[in-house]
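# Analysis of the macromolecular model
Single-letter residue listing:
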Amino acid sequence: MSYAIVGFGAVGQALARAFARKHIKVAVASRRPPEALAPQARAIGPTVVAKSLRDALEADTIILAVPFGEHREVAKALPNWEGKTVIDAMNALVPLEELDGLLSSAFVAKAFAGAKLVKGFNHLIAATLAADPIVEGGHRVVFLSSDDEDAIAPVAALAKQLGFAPVKLGKLNEGGALVHARGRSWGQLIFQDLFKKEQ
Ligand SMILES: NC(=O)c1ccc[n+]([C@@H]2O[C@H](COP(=O)([O-])OP(=O)(O)OC[C@H]3O[C@@H](n4cnc5c(N)ncnc54)[C@H](OP(=O)(O)O)[C@@H]3O)[C@@H](O)[C@H]2O)c1
C-alpha cells in the first residue's frame, strides 16, 4: 500500500506525524510546490516526503485534508479514480441543500467517482490527532464509515498500524451520520476523544 495526504495544514501535518511516528512512508502535497512543503515535511520525519499533487496522487490511498470546498479541485487532478481509496478527513458545516441533500462524504464520493471512499480521522481537533494515540495502554479511537463496506477493512488496518483503535460505524447515512456535521450542527461523536483498551 502507498499513502498520500493532500492538504498539509493542521490536519495534514497531524496525520503526517502519525505516519512518521510509526516510520511509515507517506507523500504530502498541497497547491504549493514540494520545495515549499519539504522543510516542514523533513521536520516531521524522514518518512514524510513532499511531492507535487500529481505525483502524490499516484498513491493507492489518499487522505483528503483540504478545506471542504476544495475537494472538487483535488478530484479534477486525476482523470480517473478507479482503484484508489480516498479517506475523507474533512468536515463540512454546509447546509444540506448545498450538498444535494446528501451527507458531506456522500457528496464528496460523487466527485471522486470510481474511488472507494471512507470517512475517517475527521472527528478530532488537529492537536489531538497529532498526539501519540497510545496512552496508558489505551488506543485513541478513530471512527470509520463507508457505503463500500469492503473499503473499510484496509483503512482500519492502516489506523491500527498508526496506533489508533478503529471503530467501524457502517454506512455513511447509518453510523456514519454520527461523525458528520449536518447543516450547522456537529454529529454526536465529533470531538469525543475516546480510548479502547484493545485495538
Ligand atoms: N483543524 C482541525 O482541527 C480539523 C479537525 C478535523 C477535521 N478538519 C477538516 O480537515 C480539513 C483541513 O483542515 P485544516 O484545519 O488542516 O486546514 P488548513 O490548516 O487550512 O490546511 C488546509 C491545507 O489544504 C491545502 N489546500 C487547500 N486547497 C487545496 C487544493 N485545492 N489542493 C491541494 N491542497 C489544498 C492548503 O495548502 P495550500 O494553500 O498550500 O494549497 C493547506 O495545506 C478541513 O476540511 C477541516 O474541516 C479540521
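To start, this report covers the structure provided alongside it. (Residues numbered from 1 in each chain as written. Predicted model: local features only at pLDDT ≥ 70, side-chain atom pairs only at ≥ 80, totals over all residues. Heavy atoms only, no water.)

### Quick word on the environment of V86
Turning to its location among the elements, V86 is positioned in strand β5 (residues 85-88). Accessibility expressed as a relative area gives 1% for V86, which makes it buried. Considered as a pair, V86 and D147 are 61 residues apart in the sequence and their alpha carbons are 12 Å apart. Ignoring any residue separated from it by four or fewer positions in sequence, one finds V86 in contact with I62, L64, W81, F112, A115, K116, L117 and V118. (Helix = DSSP H or I, 4+ residues; strand = E, 2+ residues; numbered from the N terminus. Buried < 20%, exposed > 50% of the residue type's maximum accessible area, 1.4 Å probe, protein only. Contact = heavy atoms within 4.5 Å.)

### Some details on the nonpolar core
Note that soluble globular proteins tend to have their nonpolar side chains buried in a common cluster. Formed by 37 residues in total, the largest nonpolar core has its most connected members in I5, F19, V28, V48, F121, L162 and F164. Where this core is concerned, the elements lending two or more residues are β1 (3-6), α1 (10-21), β2 (26-29), α2 (34-44), β3 (48-50), α6 (126-130), β8 (138-145) and α7 (149-161). Excluding its chain neighbours within four sequence positions, the residues that come into contact with I5 are G12, L15, A16, F19, V26, A27, V28, A29, I63 and A65. (Core = buried A, V, L, I, M, F, W, Y, C linked by side-chain atoms within 4.5 Å.)

### Description of the site of the ligand
As a matter of local geometry, the ligand sits amid 23 residues, with F8, S30, R31, R32 and V66 nearest to it. In the model, an oxygen atom of the ligand is placed 3.0 Å from a nitrogen or oxygen of the A10 main chain. Between the ligand and A126, the relevant distance is 2.8 Å, taken from an oxygen atom to a main-chain nitrogen or oxygen of the residue. Protein chains shield 77% of the accessible area of the ligand, which is 900 Å² for the free molecule. Of all elements in the fold, only α1 and α4 (71-76) reach the threshold of two or more residues within the shell around the ligand. Here the shell around the ligand is built from residues that sort into 14 nonpolar, 5 polar and 4 charged. (Near = heavy atom within 4 Å. Polar contact = N/O pair within 3.5 Å; in protein donor to acceptor, adjacent residues only side chain to side chain. Areas by Shrake-Rupley, 256 points an atom, 1.4 Å probe, with all protein chains shown as cover. Nonpolar A, V, L, I, M, F, W, Y, C, P; charged D, E, K, R; others polar.)

### What about the pairing of β2?
Across the two faces of β2 the burial is the same, with V26 and V28 and A27 and A29 all buried. Note that β1 and β2 share 3 bridges and pair parallel. When the bridges of β2 are listed, I5 appears paired with V28. Handedness of the β1-α1-β2 crossover: right-handed. Taken together, β2, α2 and β3 form a β-α-β motif whose crossover is right-handed. (Pairing = 2+ DSSP bridges. Right-handed = clockwise from strand over helix to strand, strands pointing away.)

### Things to note about a nonpolar patch on the surface
A surface patch of nonpolar side chains, amounting to about 370 Å² of accessible area, comprises L93, I125, W186 and F191. Following the sequence through the fold, F191 ends up in the loop between β11 (185-186) and β12 (195-196). (Patch = residues over 30% accessible without salt bridge, like charges linked within 9 Å, V, L, I, M, F, W, Y side chains within 5 Å. Salt bridge = Lys/Arg side-chain N within 4 Å of Asp/Glu carboxyl O.)

### Some details on the pattern of salt bridges
On inspection of all chains with the given rule, the structure shows 7 salt bridges. A salt bridge links R31 to E70; the nearest nitrogen and oxygen atoms lie 3.9 Å apart. Residue R31 is located in the loop between β2 and α2, and its partner E70 is located in the loop between β4 (61-64) and α4; the two are separated by 39 residues in the primary sequence. We note a salt bridge from R140 to D193, for which the minimum N-O separation is 2.7 Å. Linking R140 in strand β8 with D193 in the loop between β11 and β12, this pair joins segments that are 53 residues apart in sequence. For D193, a relative accessible area of 34% gives the class partly exposed.

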